[in-house]
Amino acid sequence: MASFPWWPQAASGYASEVDFLFGSLLVIAALTSGLVFFLLLFFANKYRHTSNADRSGTTKKTWRWEIGWTTASLLIFVGLAVWGANLYVHLYNPPPDALQIFVVGKQWMWKAEHPGGQREINELHVPVGQDVRLVLASQDVIHSFYVPALRIKQDVVPGRYETMWFQADKVGRYHLFCAEYCGTDHAHMGGWVTVMDARAYGDWLKAQGGEMTLADQGQQLFRRYGCSGCHESGGTVRAPQLEGVFGSPVPLSNGSVVIADDKYIRDSILDPKAQVAAGYAPVMPTFAGQISEDDLAKLVAYIESIGPSGGRAAR
Amino acid sequence: MLAPPNLSYLNAKTGIRSWLLTTDHKRIALLYFASITFFFAVGGIAATLIRFELITPGPTLGSPDFYNRLFTMHGIIMVWFFLIPSIPATMGNFMIPMMIGARDLAFPRLNLASWYFYIAGGIVTITALLLGGVDTGWTFYEPYSTFYATGYVILTVFGIFLSGFSSILTGLNFIVTTHKLRAPGMTWYRLPVFVWSTYATSLILVLATPVLAMTLIMLLVERVFHVGIFSPQLGGDPLLFQHMFWFYSHPAVYIMILPSMGVISELVPVFARKPLFGYEFVVWCSIAIAGIGFLVWGHHMFVAGQALYASLAFSFLSYLVAVPSAVKVFNWIATMHEGWIHFDAPMLYAFGFIGLFTVGGLTGLFLAALAVDVHVTDTYFVVAHFHYIMVGGAVMGYFGGLHYWWPKITGRLYPDYWARFAAILAFFGFNLTFFPQFILGYLGMPRRYQSYPPEFQVWHVLSSAGASILAVGYALPLFYFSWSILKGKRAPANPWHATGLEWTTPSPPPPANFEETPVVIRPPYQYDREGNPLMQADNG
């Protein structure tokens, strides 16, 4: 209670850029509201009904003023729109070789799964100075992954993957919140993001063990759920082979082409008839409601690991 | 002054039936005043409990579920049962016919029906809240509302659905009235700006409310019959719900603020004894806000997972809709230039409105900036922003209008000293309540949290302290208005030296408003060089 916190920590270069935009907006807002308040009080005093101030100069050509302040507002606003949009677009362009971590939200916890198989709940450990890409899924309702120190937030909508990325440049522990109301313990669905230097991060990964990488766990599931029966060579049913597929274009039976990214893989497991690969019969049964988001993440990691680049997740 | 009052709409008939079955727009306005005051009190009590709860970082009054139901109730009551109907259904109902020189609204019985829809919706919703409430938040996001919410979702949603008909019928009535019932000489550009504002509001009411009705029906169909529309578990799309919900609920913000802007556009020229600066611009800004306001709903969804290009477009359009609001503020200020400014209570509320609306509008620029919105959306920054617009703006305008038209409505004056004191108290209480929430929001405090990290506590305590002052500011009018009804001095026909038609009739007005239909000879807000009003119509 003793101190008055007034500005949040900034743990990334992006956060500082948002701060700069926010600060500029503050200056504009202060100048504008300052002008409004000043004129209000100035006129209120000067032209109070008991004063003898000169009132002879009644302005006739009002449209000049109107055009003046309309144009001024418009120009400033358009400038702000462009500035804010420019930074925002940055969030949609993750660097290609980011460290990928799966995060599943469910009432009321965040569960993170690292590529090496390490798991943690309501905590996220990441290395400093390295690009990190989160693939987010929700098991039930909409949640929102929010790290104020990074100035980023992403709603996690059930039924689809959302992604977000960041590069933390300051070691420390930062709040992690759920920002979309999700029920009883919404306020407790959160914890900490810990940014560590590379060595500490390596030690942490080792200490966490992670008996098996995410991709290896996915491979086990690939057999357990019976995927391998069709999707591996020698299968009984003619189905697409999945080696080398990840990240490459897939022609579909309706003539269109999609990139086989994590969203496509996930959708193909849950709703296989929606996007059927060209030349194959739509015979795969749906797995909707049978595989949890955790396991889906592992399966996706496995498919990615047998992709052409060996997969980031396999490192 | 002590002479027996003339025949007025208040004493023309007596008995409970004469009120509950009335088709007089003035009496219906009073029915709305009474019911809206009740709902404002209920929503205000919920707000008080919320601020109590947030004084400590942990649970203070009850369980998390209690808190979730509390803020849901506060939102639902305040949005649909206070703010949406507030000015249009009360002052709009009372004043539009009087300002345009008509006997009544175009459809008096429809007007009564709309009050009954409002009351029916209110009773259903209050019943749901008394039975145990609902924990969805006022936004009913999917799939939470169908499969995860506990409580009386169906009943609450049905109550809101019912009250929507009240909005639609009122809007329809105002549109037709403004088109068809203007007195001779009352051209469109001679209409008081308040009429233009409620006209623009009515367009939104009629066009947007049906979308809310459809959305709520779909929600019910999904929750009751498990027909997949919004829930991914049933093959639906949760974002579809958000699109449909905000397609109504963003224009709804303009339903709340436009009438208030109309009130301020009346108050400033009257208390500055000067024509409104840039009348045509102010008028067309209202229409522009109503129009562009339909194209900005996606700014509620910048982090919700909508397409990048959708976000870019919605951000740009949100900046565009801010321009007419800014233009209005400049015009109000310019009106004061070289005026003869009087500081009666309504004008103090107008000052409060302009100041608070400016802050609310400027912080809207922060939220429209995409990268900033990513950080502050769903935090207290948003909470502070929309309270500056809806409480600092809409409610200040409501009180300003109430104090302005009170003598006309009741035929009584109120103690000006206390009214000015209440206005100033509300202004400072409001700022102390909500300014700290901007800081909390940028620090990262998410909304709808009963518990929060201890470092945020200092700002929450300040906010709660401010709320206690604000509560006094809002409660005071109850006392001096009650006193005014019982003991207040009789009001003259035109106590504020205003120019509109409503001030040419006695206070309170006779049942038929005007002895004979007035003939309008000049635009509103005209004063001679000494600040004496030039009435829009010469009486009689």
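Parameters at a glance
Residues numbered from 1 in each chain as written. Chains lettered and ligands numbered in written order. Predicted model: local features only at pLDDT ≥ 70, side-chain atom pairs only at ≥ 80, totals over all residues. Helix = DSSP H or I, 4+ residues; strand = E, 2+ residues; numbered from the N terminus. Rg over C-alpha atoms; globule rule 2.2 N^0.38 Å. Buried ≥ 20, exposed ≤ 12 C-beta atoms within 10 Å, placed from the backbone. Contact = placed C-beta atoms within 7 Å. Axes fitted to C-alpha atoms, helices over the stretch in contact; angles between N-to-C directions. Parallel < 35°, antiparallel > 145°, perpendicular 65-115°, else oblique. Left-handed = near helix turned anticlockwise from the far one by under 90°. Nonpolar A, V, L, I, M, F, W, Y, C, P; charged D, E, K, R; others polar. pLDDT = per-residue confidence, 0-100. Pairing = 2+ DSSP bridges.

Glancing now at the overall build of chain A. Per the secondary structure count, chain A includes seven helices and 12 strands. The C-alpha atoms of chain A give a radius of gyration of 27 Å, which is well past the 20 Å a tight globule of 315 residues would have. Taken across its 315 residues, chain A has 36% of its residues classed as buried. Considering only contacts in chain A between residues 6 or more positions apart, those separated by 24 or more positions represent 67%.

Okay, the overall build of chain B next. The secondary structure content of chain B amounts to 16 helices and two strands. The C-alpha atoms of chain B give 23 Å as radius of gyration, which agrees with the globular expectation for 540 residues (24 Å, within 12%). For chain B, the C-alpha atoms occupy an extent of roughly 70 × 45 × 45 Å along the three principal directions. Residues counted as buried form 62% of the 540 residues belonging to chain B. In chain B, the share of contacts with a sequence separation of at least 24, taken over all contacts with a separation of at least 6, comes to 84%.

Right, let's talk about the packing of helix H15 (residues 416-443) of chain B against helix H16 (residues 457-487) of chain B for a bit. Residue and element names in this part refer to chain B. At a minimum axis distance of 7 Å, the contact between H15 and H16 shows a crossing angle of 155°. As far as their axial angle goes, H16 and H15 are roughly antiparallel. Crossing hand, H15 versus H16: left-handed. For the contact of H15 with H16, the class distribution of residues is 22 nonpolar, six polar and no charged.

Before going further, it helps to examine the confidence of the model for chain B. The pLDDT averaged across chain B works out to 94; a share of 99% of its residues lies at or above 70. Across the predicted assembly, pTM comes out at 0.91 and ipTM at 0.92.

This part is about the confidence of the model for chain A. All names here are of chain A. Per-residue confidence for chain A gives a mean pLDDT of 88; residues scoring 70 or more make up 95%. At the level of individual helices and strands, chain A shows its lowest average pLDDT in helix H5 (residues 228-231), which scores 82, and its highest in strand S6 (residues 143-147), which scores 97. Note that residues 311-315 has pLDDT below 50 and, in this model, 17 contacts with residues that lie over four places away or in other chains.

This part covers the interface of chain A and chain B. In this assembly, 69 residues from chain A lie in contact with 69 residues from chain B. Secondary-structure elements contributing two or more residues to the side of chain A that touches chain B are helix H1 (13-46), helix H2 (62-91), S6, strand S7 (152-156) and strand S9 (172-178) of chain A. For the side of chain A that touches chain B, the element with the most residues is H2(A), which contributes 17 residues. By residue class, the composition of the side of chain A that touches chain B is 42 nonpolar, 17 polar and 10 charged.

Take the packing of helix H14 (residues 380-410) of chain B against H15(B) next. Residue and element names in this part refer to chain B. In contact at an axis separation of 8 Å, H14 and H15 are set at 170° when each is read in the N-to-C sense. It follows that H14 is roughly antiparallel to H15 by the angle criterion. For the pair H14 and H15, the contacting residues are Tyr 380, Phe 381, Val 382, Val 383, Ala 384, His 387, Tyr 388, Val 391, Gly 392 and His 403 in the first and Ala 419, Phe 430, Phe 434, Gln 437, Phe 438, Leu 440, Gly 441 and Tyr 442 in the second. Split by residue class, the contact of H14 with H15 holds 13 nonpolar, five polar and no charged.

On to the sheet that holds strand S2 (residues 109-113) of chain A. Residues and elements named next belong to chain A. The strand order across the open sheet built from five strands is S3-S2-S1-S5-S8, with neighbouring strands paired in mixed fashion. A strand with exactly one partner marks an edge of an open sheet, and here the two such strands are strand S3 (119-121) and strand S8 (162-167). The average angle at which neighbouring strand axes cross in this sheet is 25°, direction not considered.

So, on to the sheet that holds S6(A). Residues and elements named next belong to chain A. The five strands lie next to each other as S4-S10-S9-S6-S7, forming an open sheet whose pairing is mixed. A strand with exactly one partner marks an edge of an open sheet, and here the two such strands are strand S4 (123-127) and S7. Going across the sheet, the axis of each strand differs from the next one's by a mean of 20°, ignoring polarity. Across five bridges, S4 lies against strand S10 (residues 191-196) in parallel orientation. Note that in S10 the partner of Val 126 across the bridge is Val 195. The sheet contacts of helix H3 (residues 198-207) involve S4 and S10, and relative to S4 the element is tilted by about 130°.

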